[in-house]
Amino acid sequence: MAALQKLFSVLCLVTLAVSQDMPYEELLAQIQACPKECTCPQNFPRAVYCDNKGLKSIPKIPPYTWYLYLQNNLIETLPSDALQNATQLRWMNLNRNKITSDGVEEGVLGAMNHLAHLYMDDNLLSTVPSPLPASLEHLRLSRNRISKIPAGVFIGLDKLNLLDLQANKLMDDAVTEVSLKGLTNLVQINLAKNQLSSMPLGLPPTTTQLFLDGNNIDKIPADYFKGLPKVAFLRLNHNKLGSSGVPKDIFNISSMLDLQLSHNQLTEVPVIPSGLEHLYLDHNKIASVNGSSVCPISVEALDGSTNESVPRLRYLRLDGNEISPPIPMDVVTCFRLLRSIVI
């Protein structure tokens, strides 16, 4: 009977290995090496769950792990010995621990040649870890204590398309062309809730989503977006932008789809680009809206235009200003696709 049970277990593992496209020997080694502090589900053998265990250190990780979950623990260091066998890691979640920059052993991350997603939100890092693996696609380091981006840390990271550094302690001198060099394929960068007083320099032309909420930015250089031809989503809520520091046509960019300028000190509505679909101007100091000055197309051109050529604005927030309804007719005439106006 015992022999039959053993044979049945082996057959189950073989079947599972086939279904997971994983050699039987690897599956067996993976299951046998599972740390006692963690969970290694047989139906998802490449994943190791060590989250919410009160761990103070990283246990030795099985060799064929692709997905490693270590969030919500008390881990203070990232040593190479615990991860030396986990050379196939694709995804590592270290959110909400107590890891410091001194606690990240030199070379431990750079050696992970397959790592694509690294999450280290809510730790105690004071600098961006270095070196990082060239395979990295997403790097999340929000809500740490980062005040420094080492020069050259991103060089060679041609696959990195998302960088999240929100809620850190970055100042203008930390976000420069030198510190951001190497981000050749970046799509989204989040620098919200830092200590920036000016627009960040050195962003690559591939940048599509730029999040700068909750800083101290008070002006935008007139030529700032010339080097960012693909920016489509721009968030500048909760800054110190006044109309004197914002050139009237600064946002008149063909790629712009979503523009958020809530909770600033604007007194005028900037020119609205034709392709913009969502505009947030609530909680500023705007007293009036003049359709002829903010419409990207002249009234004469609008008279004979079709829906395909009229401005694309569909959502507009103006509440929390000094504007009294109703919205002027020339604004409605210009933005005839508007579906919602909050005033």
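Bear in mind the structure is a predicted one, so any value in this text is a computation, not a measurement.

Conventions we followed
Residues numbered from 1 in each chain as written. Predicted model: local features only at pLDDT ≥ 70, side-chain atom pairs only at ≥ 80, totals over all residues. Heavy atoms only, no water. Helix = DSSP H or I, 4+ residues; strand = E, 2+ residues; numbered from the N terminus. Polar contact = N/O pair within 3.5 Å; in protein donor to acceptor, adjacent residues only side chain to side chain. Salt bridge = Lys/Arg side-chain N within 4 Å of Asp/Glu carboxyl O. Buried < 20%, exposed > 50% of the residue type's maximum accessible area, 1.4 Å probe, protein only. Disulfide = S-S within 2.5 Å. Core = buried A, V, L, I, M, F, W, Y, C linked by side-chain atoms within 4.5 Å. UniProt positions renumbered as here; feature names shortened; annotations may be inferred. Contact = heavy atoms within 4.5 Å. Phe/Tyr/Trp six-rings, centres within 6.5 Å; stacked < 30°, edge-to-face > 60°. Lys NZ or Arg CZ within 6 Å of the ring centre and 35° of its normal.

**Remarks on the side chain of Asn284**
- Note on placement: Asn284 falls in the loop between β11 (278-280) and α4 (291-294).
- Of the polar contacts made by the side chain of Asn284, one reaches the backbone nitrogen of Asn264; its length is 3.3 Å.
- Only 3.0 Å separates the side chain of Asn284 from the backbone oxygen of Leu281, close enough to count as a polar contact.

**Considerations on the pattern of salt bridges**
- Enumeration over the complete set of coordinates arrives at eight salt bridges.
- A salt bridge links Lys36 to Glu37; its shortest N-O distance comes to 3.7 Å.
- Classification of Lys36 by relative accessible area gives exposed; the value is 79%.
- Accessibility expressed as a relative area gives 30% for Glu37, which makes it partly exposed.
- One salt bridge in this structure joins Arg140 and Asp164, with 3.5 Å as the shortest N-O distance. Taken together, the residues span a long stretch of sequence, with Arg140 in strand β5 (residues 138-140) and Asp164 in strand β6 (residues 162-164) at a distance of 24 residues.
- Salt bridges sharing partners connect three or more residues here, namely Asp282, Arg317 and Asp319.

**Some thoughts on the state of the cysteines**
- Going through the model one piece at a time under the given rule, you end up with three disulfides.
- A disulfide bridge connects Cys34 with Cys40, and the sulfur atoms are separated by 2.0 Å. Every disulfide takes its handedness from the sign of the S-S torsion; for Cys34 and Cys40 that torsion is 90°, giving right-handed.
- Across the disulfide, Cys295 is cross-linked to Cys334 (sulfur-sulfur distance 2.0 Å). Torsion about the S-S bond of the Cys295 and Cys334 cystine: about 85°, corresponding to right-handed handedness. Of the two residues, Cys295 sits in the loop between α4 and α5 (299-303) while Cys334 sits in helix α6 (residues 329-334), which places them 39 residues apart along the sequence.
- When the cysteines of the protein chain that form disulfides are numbered from the N-terminus onward, they connect as 1-3, 2-4, 5-6.

**A short note on the nonpolar core**
- Ranked by internal contacts, the top residues of the largest apolar core, which has 87 residues, are Leu83, Met92, Leu132, Phe154, Phe225 and Phe251.
- Contributions of two or more residues to this core are made by α3 (80-83) and α6.

**Re the UniProt feature "domain: LRRNT" (unreviewed entry) in the protein chain**
- Within this numbering scheme, the UniProt entry marks residues 33-67 as carrying the feature "domain: LRRNT" (unreviewed entry).
- Within residues 33-67, the helical portion is 0% and the strand portion 11%, while the C-alpha atoms at the span's ends are 15 Å from each other.

**Some words on the environment of Arg317**
- Relative to the helices and strands, Arg317 is located in strand β12 (residues 315-317).
- Judged by its relative accessible area of 22%, Arg317 is partly exposed.
- As for Arg317 and Glu105, which are separated by 212 residues in sequence, their C-alpha atoms are 48 Å apart.
- For Arg317, the residues in contact, after removing those within four places along its chain, are Leu279, Tyr280, Leu281, Asp282, His283 and Val342.

**Quick look at unusual backbone geometry**
- Across the junction of Ser130 and Pro131, the peptide omega takes the value -5°, indicating a cis bond.
- Along the polypeptide, Pro131 turns up in the loop between β4 (117-119) and β5.
- Note the cis peptide between Pro325 and Pro326, where omega equals 5°.
- On the secondary structure map, Pro326 appears in the loop between β12 and α6.
- Although it is not a glycine, Arg96 adopts a positive phi angle of roughly 55°.
- According to the relative accessible area criterion, Arg96 is partly exposed, its value standing at 40%.
- With a phi close to 55°, His263 is a non-glycine residue in the positive phi region.

**Considerations on the packing of aromatic side chains**
- Counting across every chain of the model gives seven aromatic pairs.
- Taken together, the ring pairs connect Phe44, Trp66 and Tyr67 into an aromatic cluster.
- In this structure, Arg90 packs its charged tip against the face of Trp66, placed 4.0 Å from the ring centre.

**A word on the side chain of Ser135**
- By the secondary structure assignment, Ser135 is in the loop between β4 and β5.
- What makes Ser135 buried here is its relative accessible area of 11%.
- Setting aside chain neighbours within four positions, we find Ser135 in contact with Met112, Asn113, His114, Leu115, Ala116 and Lys159.

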